[in-house]
Amino acid sequence: MTDIPSLLYTDVEDDLRATLRGLLADRCPWSDVLARVDTDEPYDESLWKSVAEDLGLAGLLIPESLGGAGATAREAAVTLEELARAVAPIPYYPSAILATTALTASPASEARDNALPALAAGTAIATLTIPATTAPGAEFPASITGSLDANGQLHLTGAATTVLAADRADLLVVPVLIDGEPHLALVDATAPGLTRTRATTLDATRPVGTITLDGVPATAIADPTQAPAALAHALVTGAALLASEQLGVAERSLEETVTYLKTRHQFGRPIGSYQALRHRAADLWADIAAARATARYAAAALAEGSDDAPIAASLAQAYCSDVAVHAAEECVQMHGGIGFTWEHPAHLYLKRAMSLSLLQGTPTHHRAALGGLVNLPSA
Amino acid sequence: MPQNSGATGVTAEEIRTRVRELAAAHDPATTDHVEFLGHRFDAGLAWVHFPVGCGGLGAPRALQQVAEQELAAAGAKPANVYRNPIGLGMGAPTVAVHGTEEQRSRLLRPLWTGEEVWCQLFSEPGAGSDLAGLATRAVRDGDDWIVNGQKVWTSFAHKARWAMLLARTDPDLPKHQGLTYFFLDMSLPGVEVRPLRQATGQAEFNEVFLTDVRIPDSMRADEVGKGWTVSNTTLMNERVAIGGGASPREGGVISPVAALWRSRPEVRTPALHDQVMKAWVEAEVARLANARIGQQLAAGKPGPEGSAAKISFARINQETTRLWLELSGEDGLTYDDWTMRRVDLGGSDGGRSAGYYYLRAKGNSIEGGTTEILRGVIADRVLELPREPRTDTKLPWKEIPR
Ligand SMILES: Cc1cc2nc3c(=O)[nH]c(=O)nc-3n(C[C@H](O)[C@H](O)[C@H](O)COP(=O)(O)OP(=O)(O)OC[C@H]3O[C@@H](n4cnc5c(N)ncnc54)[C@H](O)[C@@H]3O)c2cc1C
């Protein structure tokens, strides 16, 4: 273990946050997010265009040589904090984080190097076809297999459930077994033989669905010497950076709560003057301060390419998941009846926080996994 | 904290040069440690962010690290904070911010070297959380103040030459306004220290009786009636001192728990594994949170997170030592030694049985402001929530029901 890297925000990160927060305040108020839940269009396409194309944030983790910004996980983390604060209904995490890092960790190839610039520009959206609950360290998925036809063309068959943005992605990065060996393949989502469904999700701002492949043509992009490490990299990156989403939701929940505690009166006093509520708000603030340090450490460990990244990622998930859920639950409770209504945003934060805690491994899973990583073996 | 940051434009290179000159003039390998600490103070390398003449250089706080690294490289023994924990953590910043020239030059050097230990005479039997309600009286008499009262829970009073004393100088004013702060010489006549045994069996703290103690007015800190302001400087530093400080991974009380888990496979169950990992996660998260507080401080942007760190430090110590006892099985039923002893300085409570640490940790959520009081501090000062209604702040102190 070397020195702890900087856990503060740089000026560049602060500027990025300010720009994005301004955009989201203008274009993504919670009332719009809520209204969309009752429509058949879960994604805000115009917001995606602004975030990806105008601000260039879809390509943060893509090298400049492939059309990206060549930034690090630290900037991506700040982006996720802000998007989560606004419960923004855009597929940033599956495309710009999961699929992108699976691709950047795969070797250069024509298919990969055509895909990445499109992802960087935001003109294409990608996803990683694994269940969204898959944790780092999971066994290589075996639900999709591939075989070569007489012309040497690869075809994929099988299915993956609860894939993030399954119904929206233009490109799929698919972990696949070919002759029992792990590979990654790239699939055009409009290819023949591919069907997809959208589930009704707990967090309606973050749809998942099933992708079924029946002999779908594909291009292999990582072989058995490369694919497991590329997938592992994507999962560690995903888990580490979700902590920043959790931080964002927790902060927003507490801010809404504190505002309400100052204005709502009962028994002739603002409810924020009752110690039972003041102390719970103070505890949340303390937990969020700790979550911030932990999420920052996970992002910094990734940015530095540190060996400690898998530990940092599981640590961040083990801690920040619960903080976010707790903050969102307290937000509902301290709002009383209004906090339980559809017309109030508290349930948006609650659903985002709870579903976040299930993505890429639950806190309990990550604690168990950490035991293996830090030599504290289970029973 | 005085922070003439960069006013003198001190650079890292100058600090390195100063350390090299210090080590050349007084070889750390052969010079007596306390004597070396004195020379280090004179060279402005005790706290580089303190003003010149106060053991500092008026340098940015971030440069302290440079001094520490260079001193270690020169072979100097690290300066153990437990030689004078209350003096170094709280006394020094209070003297530096509120002391007169004369007080600074009399008090800071021996405080730093540990030749003169400090204690904190704040709490009283009737005033703990409600510190501003205290009753110890100081009455002006010519160039002196005559002090009468009783203090309690005073850690290391039995070792102390100096005390931070908060006393009431005007009972007709509301509670916060009638207080004045003094630097008390504990060797003055009328100061009596009696050990107070605590749950662990030993006595870290004491009762201190003050009977007609004559304190010269030259040892008053800041103005008459400014005691509350001065004591807030002390308390803010106390919370940082108790909660803060960078440590290595698995430093602190998680260390024996992790060691026990690794060395004794027979105690392992799946349910206990989750508890051990929860404790490990809490410890590592707190370590990172403390590191972030340190980085904010070094960058000259101190935040209010110190109070949060003190709350979690107490909780983690308590939960982890409880788990330690549970993992200890039969050993958990034994205790090494209940003999009444007065605790020594130097932080030498290593190697005791788990029960000792379990019991000692109970004090962590009481000393330096209880967890409940700290939550109130965060609610008031950070979240700016509406205050609880109070009946005691505007009345003259002497009219408050007790
Ligand atoms: C190990 C140890 C070392 C110490 N060292 C020193 C020292 O060196 N110098 C010194 O001056 N003091 C020292 N103290 C004293 C310490 O600062 C006080 O014990 C502490 O501030 C609490 O005061 P109290 O004991 O009077 O408890 P009380 O203030 O009577 O508190 C009793 C309980 O009521 C709660 N409570 C009180 N007011 C409120 C409120 N407004 N809202 C909600 N809950 C409230 C408290 O949190 C606590 O749980 C030490 C204490 C310990 C345990």
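Just so it is clear, the model here is predicted, and its values are computed rather than measured. (Residues numbered from 1 in each chain as written. Chains lettered and ligands numbered in written order. Predicted model: local features only at pLDDT ≥ 70, side-chain atom pairs only at ≥ 80, totals over all residues. Heavy atoms only, no water.)

## Regarding the overall build of chain A
Looking only at helices and strands, chain A features 11 helices and 9 strands. Among the 379 residues that make up chain A, the fraction classed as buried is 59%. Intrachain contacts of chain A at a sequence separation of at least 6 include 76% that bridge at least 24 residues. Taken as a whole, chain A presents about 14,000 Å² of accessible surface, with 54% of it coming from carbon and sulfur. For chain A, the separation between the mean place of its 23 positive charges and that of its 43 negative charges on side chains is 11 Å. (Helix = DSSP H or I, 4+ residues; strand = E, 2+ residues; numbered from the N terminus. Buried < 20%, exposed > 50% of the residue type's maximum accessible area, 1.4 Å probe, protein only. Contact = heavy atoms within 4.5 Å. Areas by Shrake-Rupley, 256 points an atom, 1.4 Å probe, with all protein chains shown as cover. Lys, Arg positive; Asp, Glu negative; His and termini not counted. Charge placed at Lys NZ, Arg CZ, Asp CG, Glu CD.)

## Overview of the site of the ligand
Residues and elements named next belong to chain B. Not every one of the 17 residues close to the ligand is listed here, only the nearest: Q120, S123, S129, W153 and T370. Contact between the ligand and F122: an oxygen atom at 3.1 Å from a main-chain N or O atom of the residue. At 2.8 Å from an oxygen atom of the ligand is found a side-chain nitrogen or oxygen belonging to E372. For the ligand, whose free accessible area comes to 970 Å², the fraction covered by protein is 68%. A class-by-class count of the residues in the shell around the ligand yields 5 nonpolar, 9 polar and 3 charged. Mapped onto the domain boundaries, the shell around the ligand takes at least three residues apiece from domain 2 (118-224) and domain 3 (231-381). (Near = heavy atom within 4 Å. Polar contact = N/O pair within 3.5 Å; in protein donor to acceptor, adjacent residues only side chain to side chain. Nonpolar A, V, L, I, M, F, W, Y, C, P; charged D, E, K, R; others polar. Domains from an automatic or database assignment.)

## Some thoughts on the pairing of strand 7 (residues 208-222) of chain A
All names here are of chain A. Where strand 3 (residues 154-164) lies against strand 7, 9 bridges are found, and the strand directions are antiparallel. Note that in strand 7 the partner of T157 across the bridge is D214. Here strand 5 (residues 181-188) runs beside strand 7; their pairing, made up of 3 bridges, is antiparallel. Residue pairing for strand 7: L184 is matched across the bridge by A222. With 3 bridges connecting them, strand 6 (residues 194-196) and strand 7 associate as antiparallel partners. Across the sheet, the residue bridging to T195 is T212, located in strand 7. (Pairing = 2+ DSSP bridges.)

## Let's talk about helix 3 (residues 45-54) of chain A
Residue and element names in this part refer to chain A. Residues of helix 3 that are buried include every one of L47, W48, S50, V51 and A52, and no others. Elements in contact with the buried residues of helix 3: helix 1 (11-27), helix 5 (92-104) and helix 6 (110-121). One side-chain oxygen of the residue at the start of helix 3 lies 3.3 Å from the amide nitrogen of S46, identifying that residue as D44. Once helix 3 finishes, G56 follows within two positions and takes phi at roughly 70°, a positive value.

## Observations concerning the pairing of strand 3 of chain A
Residue and element names in this part refer to chain A. Relative to strand 3, strand 2 (residues 144-148) runs antiparallel, the two being bridged by 5 bridges. Bridge assignment links S147 to a residue of strand 3, and that residue is H155. Linking two consecutive strands that pair antiparallel, namely strand 2 and strand 3, is a turn of 5 residues; a positive phi of about 85° is found at G152 within it.

## Considering the pattern of salt bridges
Pairing is possible between side chains that carry opposite charge, provided their charged atoms lie close to one another. Residue and element names in this part refer to chain A. Under the defined criterion, the tally for this structure stands at 60 salt bridges over all chains. D170 is paired through a salt bridge with R168; the nearest N and O atoms lie 3.4 Å apart. Taking the relative accessible area as the measure of exposure, D170 reaches 29% and is therefore partly exposed. (Salt bridge = Lys/Arg side-chain N within 4 Å of Asp/Glu carboxyl O.)

## Some points on the UniProt feature "domain: Acyl-CoA dehydrogenase/oxidase N-terminal" (unreviewed entry) in chain A
Cross-referencing UniProt, the feature "domain: Acyl-CoA dehydrogenase/oxidase N-terminal" (unreviewed entry) maps to residues 11-122 of chain A in the present numbering. Taken end to end, residues 11-122 of chain A has its terminal C-alpha atoms 25 Å apart, with 65% of it in helix and 0% in strand. (UniProt positions renumbered as here; feature names shortened; annotations may be inferred.)

## Observations regarding the environment of A126 of chain A
Residue and element names in this part refer to chain A. Mapped onto the fold, A126 is located in strand 1 (residues 126-128). Residues A126 and A99, spaced 27 residues apart in sequence, show a C-alpha to C-alpha distance of 5.9 Å. Apart from residues lying up to four places away in sequence, A126 is in contact with P94, S95, A99, L119, A169 and L171.

## A short note on unusual backbone geometry
Positive phi, close to 60°, is recorded for N375 of chain A, a residue that is not glycine. Secondary-structure assignment places N375 of chain A in the segment after helix 11 (363-373). Judged by relative accessible area, N375 of chain A falls into the partly exposed class, the value being 48%. Here D222 of chain B, not a glycine, exhibits a phi torsion of approximately 60°, which is positive. Turning to its location among the elements, D222 of chain B is positioned in the loop between strand 8 (220-221) and helix 6 (227-243). Among the residues examined, D222 of chain B registers a relative accessible area of 27% and is labelled partly exposed.

## Focus on the UniProt feature "domain: Acyl-CoA dehydrogenase/oxidase C-terminal" (unreviewed entry) in chain A
Here the UniProt feature "domain: Acyl-CoA dehydrogenase/oxidase C-terminal" (unreviewed entry) sits at residues 234-367 of chain A. As annotated, residues 234-367 of chain A comprises 77% helix and 3% strand, and the C-alpha atoms at either end are separated by 20 Å.

## Comments concerning the side chain of E204 of chain B
Residue and element names in this part refer to chain B. Checked against the element boundaries, E204 lands in the loop between strand 6 (191-196) and strand 7 (205-216). Given the relative accessible area of 11%, E204 is considered buried. Only 2.7 Å separates the side chain of E204 from the side chain of Q198, close enough to count as a polar contact. A distance of 2.8 Å separates polar atoms of two side chains, one belonging to E204 and the other to R360. Aside from chain neighbours lying at most four places away, what touches E204 is T154, S155, F156, H158, Q198, V343 and R360.

## A word on the packing of helix 7 (residues 227-263) of chain A against helix 8 (residues 275-303) of chain A
Residues and elements named next belong to chain A. Between helix 7 and helix 8, whose axes approach to 9 Å, the crossing angle comes to 155°. Between helix 7 and helix 8, the angle is such that the two are roughly antiparallel. Crossing of helix 7 against helix 8: the hand is left-handed. Taking contact as the criterion, the partners of V236, T237, A240, L241, A243, S244, L247, A250, E251, L254 and L261 in helix 7 are, on helix 8, L277, A281, L284, W285, I288, A291, R292, A295, A298, A299 and L302. Split into classes, the residues belonging to the contact of helix 7 with helix 8 amount to 18 nonpolar, 2 polar and 2 charged. (Axes fitted to C-alpha atoms, helices over the stretch in contact; angles between N-to-C directions. Parallel < 35°, antiparallel > 145°, perpendicular 65-115°, else oblique. Left-handed = near helix turned anticlockwise from the far one by under 90°.)

## Some points on the packing of aromatic side chains
Per the stated rule, a full pass over the model turns up 12 aromatic pairs over all chains. Centroid distance W118 of chain B to F183 of chain B: 5.8 Å. Interplanar angle 70°. Geometry classified as edge-to-face. Placement of W118 of chain B in strand 1 (residues 117-121) and of F183 of chain B in strand 5 (residues 179-185) is noted, with a sequence separation of 65 residues between them. The exposure classification of W118 of chain B matches that of F183 of chain B, with both residues buried. Look at Y356 of chain B and Y357 of chain B: their rings are 5.1 Å apart centre to centre, the planes differ by 80°, and that puts the pair in the edge-to-face class. For Y356 of chain B, a relative accessible area of 1% corresponds to the buried category. Stacked on the ring of Y9 of chain A, the Lys or Arg R17 of chain A has its end atom at 4.6 Å from the ring centre. Its end group placed over the ring of W397 of chain B, R402 of chain B keeps NZ or CZ at 4.0 Å from the ring centre. (Phe/Tyr/Trp six-rings, centres within 6.5 Å; stacked < 30°, edge-to-face > 60°. Lys NZ or Arg CZ within 6 Å of the ring centre and 35° of its normal.)

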